[in-house]
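# Notes for the structure review
The chain contents come next:
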Amino acid sequence: MNATIDALQTILNNPAFLPSAKKFHYQFNLRDIANIFQGLLNTDCNLYRGNPVKYLRVWLHEMNRVFVDRLVSQSDMQEMQGIFEKVSKKHFQGVNMEDLFAEDLIFTSFISVYGGNDKKYLQIKDLAQLKNCLEDKLGEYNETFAEMNLVLFTNAMEHITRIVRIVDLPCGNALLVGVGGSGKQSLSKLSCFIGQLDMVTILVNQTYGMADLKVDLQSFYIKAAVKPAMPQAFLMTDGQIANETFLVFLNDLLASGNIPDLFTREEYDGHFGAIRNAAKAAGVPDDRSALFAFFLDRVRKNLHLILCHSPVGDTFRIRGRKFPALISCMVVDEFHPWPRDALGDVASRFLQDLPMPDDDLYDKLAANMAEVHLSIDHANQRFLASERRFNYTTPKSFLELITFYKGLLSKRRATVELNQERLEKGLDIMEQVQAKVEGLKQDLSVKMVQVEEKVNATNILIEQVTHESEKAAVEEEKAGKEAEATSELAANAAAIKAEADGELQEAMPAMAAAEEAVNCLTKPAIQELKALGKPPPDCVEVTKAVLIMLKHEKKNHDWKNAQKMMQNPGQFLDEVVAFNPKDIPDWVLDALDPVIKQPFFNYETMRGKSSAAAYLCNWVINIVTFNRIYKKVAPLMQRVEVATETKEKAEAKLAIVMAQLKQVQDMVAALNAKLTTAKEELAATEEEAEKCKDKLALAERLVNGLADEYQRWGSTVKGLKQQGLTLIGDCMLGSAFVGYVSPFSASFRMDLRTAWSADIKDRGIPFTDGVDPLSILANEADVATWKNEGLPADRISIENAAVVTSCARWPLMIDPQLQGGKWVK
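Residues numbered from 1 in each chain as written. Predicted model: local features only at pLDDT ≥ 70, side-chain atom pairs only at ≥ 80, totals over all residues. Heavy atoms only, no water.

## Examining the packing of helix α20 (residues 537-551) against helix α22 (residues 569-578)
Two elements in contact, α20 and α22, have axes whose closest approach is 11 Å; the angle formed by their N-to-C orientations is 65°. In the crossing of α20 with α22, the sense of the turn from one axis to the other is left-handed. In this structure, α20 uses V546, L550 and K551 to contact α22, whose residues at the interface are F572, E575 and V576. Tallied by class, the residues present in the contact of α20 with α22 amount to 4 nonpolar, no polar and 2 charged. (Axes fitted to C-alpha atoms, helices over the stretch in contact; angles between N-to-C directions. Helix = DSSP H or I, 4+ residues; strand = E, 2+ residues; numbered from the N terminus. Left-handed = near helix turned anticlockwise from the far one by under 90°. Contact = heavy atoms within 4.5 Å. Nonpolar A, V, L, I, M, F, W, Y, C, P; charged D, E, K, R; others polar.)

Here it is as structure tokens:
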């Protein structure tokens, strides 16, 4: 207690901590001592018994949170630390100061919960433990709410622990002071998520006024005090203060929680009825004033205001003076400019999605971006001193630098890669053409060899076909002669045969009559004839004729011999049937002649005497008639046989000759077909050779015509590859130019550009030496267009136009001579 009072008295007596226009919130009083001891009472005494240094570090931590967090400059912080050291040495004798003032002085209540223990206000082991915890919490937040892509560097983690500490205390309200983009809102959302507070806010539009704010505050009061009566954080930014009268409500909320006329009497009665049971359980008397105090106590305990405000300009100072509760009833957490390591961590994190040829370039680019951003702070001081004009840089400017660099590099890379791809395709096509030319030459040489081979083969075939054709002609002539001779022999044989057939045709009826007579003979008829004991003389004459013809009997022609001949009727009939009418000796015919000439020797006469004798009579007559005609025709038949034999031999010989002729003709036909195929293949090969020659001629003309272009394209591709590498540094210079130089005059711009170029070069970032940022942001055609549109031709105006057309934010043009306005129109 004595050390705290002594420290407060020393602070009040130190001129460095007196309120001023810039340090208007340097108001130190007994309320601060209460805040310090409120934090000390938030600890568990059992954890600090026997270890005074450990508990003194809690006291030192609370002193830093209450006094140091509101300081605006590094010198003030050092002065405050000197006071703490002096007071500690005076009041804490025997304590090791190095242990007391050791680093990582951060106490939180959520680290113990993260470790699976009860909620305790404890010091972190180290920053690594804190970072792991916060990254896990950030992951959980992103799974539940809209994703926040935060980089948790050391300062950001410290601010999170401070905000959690503030909202974890009863009536804890935080005033976060920092320029835009420093992370006040994002860190507040994550802090409330860690502290398990519901985040509420207002949605301000053009028509949003006091009535709307009153409705929102009513909703917040009900949630905090009535239902569900759970802790919640009201996040508000200075940009949402559309009307200064909003701060009247906020001032009352912070000072006492009682906002006049926020609810009507009837509405309060309804709320009191809803909390009456809870008040009774808390020992609150059941009267209106006590319930009203209990209601406000619940509001102040559960509703934590987090106001994010920018220190730029006089607005913050004026509001702090008009509404003192903004300073006295809130714990101030000053967001200082990001240090170099924080800038580097953020840049390195957001550059990871850019492909780089070397991983070291990420750190080099991040370091260069940090250097660029910090160099503007020094330039701003010099600019204020020389030009008496203010210029500010914020973390938002740095984040936009990263975003613009990524977009510019990607866009320029895409252009370079497109041009490179087009040229490489052209080079590939030309190389393919050159390869095809070589292939065509080889194909042409092969084709010419094939043509020569086919010409020789065709000539050989022509000779073969000619020789075989002559041979076939000889064979064909020989076959013709043979065919002619054979035709004459065939005609002669046919004539003789026709003549013999004509004469023989006369004997055929007699032969047929004889066969019919034989067919009419039957065994019973023969048996009947043979059985005659004394046959008629006519029948005996018939059997006599049969004995002469069939048995060649010259003397014994009596009936007994005839019966003997007919002893076996079947055998007799067989002999009659088998008798050869062509071979009858002449003496038989002479012997038969007188018998046949007898008047009764006919079928009609003999039929009345014996049917068998009649048929035998008819057979003898017809056989003799046939034989006489046949013997007349026999010489002619011999001639027919000779002629037929001669013709057949000639036809056989002709068949052999025709087979030989056909063989030769088939061979000639096959050779002709082969010759035709060979000629077609020769023609096709010659045609392919001609096409190959034409292609080769065209390809050689193309290759020879594009030879210079091939070399130029090759060198251009090399240049584009190098440009793709140097774009990394060139776009870095162009991005820094767009992001920071526009407020400065020409001399400052030149100094900054020179310093940035040297830093890029010193860090080993690929870079085009002496590159002009204008050449990165615009080309000559763009500049010519701007001039035609009325832009002045001086360097400053052209640079400004390049910045205006390239930047992502709406540009603010300071144009007293209306030159820029004319160009824009």
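Let us keep going from here.
## With respect to the packing of aromatic side chains
Within this structure, the stated rule accounts for 30 aromatic pairs. Judged by centre distance (6.4 Å) and plane angle (55°), the rings of Y221 and F263 are tilted. Within this pair, whereas Y221 is found in helix α10 (residues 210-225), its partner F263 is found in the loop between α11 (246-255) and α12 (265-281), the two being separated by 42 residues in sequence. Here Y221 matches F263 in class, with each residue buried. Seen in terms of ring centroids, F383 and F744 are 5.1 Å apart; in terms of plane orientation they differ by 70°. Their pairing is edge-to-face. Here F383, found in helix α17 (residues 360-387), pairs with F744, found in the loop between α26 (707-740) and α27 (746-762); they are 361 residues apart in sequence, far enough to count as distant. Residue F383 shares its accessibility class with F744, and that shared class is buried. Here the aromatic cluster, defined as three or more aromatic residues joined through ring pairs, consists of Y221, F263, Y268, F272, F292 and F295. (Phe/Tyr/Trp six-rings, centres within 6.5 Å; stacked < 30°, edge-to-face > 60°. Buried < 20%, exposed > 50% of the residue type's maximum accessible area, 1.4 Å probe, protein only.)

## Some words on unusual backbone geometry
In this structure, P228 follows K227 across a cis peptide bond, with omega equal to 10°. Along the chain, P228 falls in the loop between α10 and β5 (232-237). If you check the backbone angles, Q196 has positive phi at about 60° while not being a glycine. Position of Q196 relative to the elements: it lies in the loop between α9 (184-194) and β4 (198-200). Residue class for Q196 comes out exposed when judged on its relative accessible area of 69%.

## Quick look at the pairing of strand β3 (residues 174-177)
Along β3, one buried face is formed by A174 and L176 and the opposite face, lined by L175 and V177, is buried too. By the bridge criterion, 4 bridges tie β3 to strand β6 (residues 303-309) in an arrangement that is parallel. Bridge assignment links L176 to a residue of β6, and that residue is C308. Bridge count between β3 and strand β7 (residues 331-334): 4 bridges; the pairing is parallel. The partner of L175 across the bridge, within β7, is V332. (Pairing = 2+ DSSP bridges.)

## Here we look at the side chain of R65
Tracing the sequence through the fold places R65 in helix α3 (residues 52-67). If we ignore the near neighbours within four places in the chain, the residues touching R65 are L105, R162, R165 and V331.

## Observations concerning empty space enclosed by the protein
For the coordinates displayed, the defined rule picks out 2 cavities of 30 Å³ or more. There is about 60 Å³ of room inside the largest cavity. What lines the largest cavity is C171, N173, L253, L254, R300, L303 and L305. Every element with two or more residues in the lining of the largest cavity is listed here: α11 and β6. Split into classes, the residues belonging to the lining of the largest cavity amount to 5 nonpolar, 1 polar and 1 charged. (1 Å grid on protein atoms, 1.4 Å probe; cavity = no way out; pocket = protein on both sides within 12 Å on 5 of 7 lines; lining within 4 Å. Points joined across faces, edges and corners; volume = space filled by probe spheres on them.)

## Concerning the nonpolar core
I306, F398 and Y405 are the most contacted members of the largest nonpolar core, which has 96 residues in total. Not counting residues up to four positions away in its chain, the partners in contact with F398 are W338, L343, V346, A347, M369, A370, H373 and Y740. Counting 45 residues, the second largest nonpolar core, distinct from the first, contains L213, F220, A279 and F294. (Core = buried A, V, L, I, M, F, W, Y, C linked by side-chain atoms within 4.5 Å.)

## What about the pattern of salt bridges?
For the coordinates displayed, the defined rule picks out 26 salt bridges. When the shortest N-O distance is used, the salt bridge between R70 and D32 registers 3.0 Å. Here the residue R70 occupies a position in the loop between α3 and α4 (74-91), and D32 occupies one in helix α2 (residues 30-40), the gap between them amounting to 38 residues. Grouping residues by exposure puts R70 and D32 together as buried. Residues joined by salt bridges that share partners form a network here, namely R65, D69, E158, R162 and D333. (Salt bridge = Lys/Arg side-chain N within 4 Å of Asp/Glu carboxyl O.)

## Describing α12
Taking 1.5 Å per residue as the helical rise, α12 with its 17 residues ought to reach 24 Å, and the 24 Å between its terminal C-alpha atoms agrees with that figure. At its buried positions, α12 is contacted by α10 and α13 (288-302). (Expected span 1.5 Å × (residues − 1).)

## Describing the environment of A211
Topologically, A211 is positioned in helix α10. Taking the C-alpha atoms as reference, A211 lies 52 Å from S88; in sequence the two are 123 residues apart.

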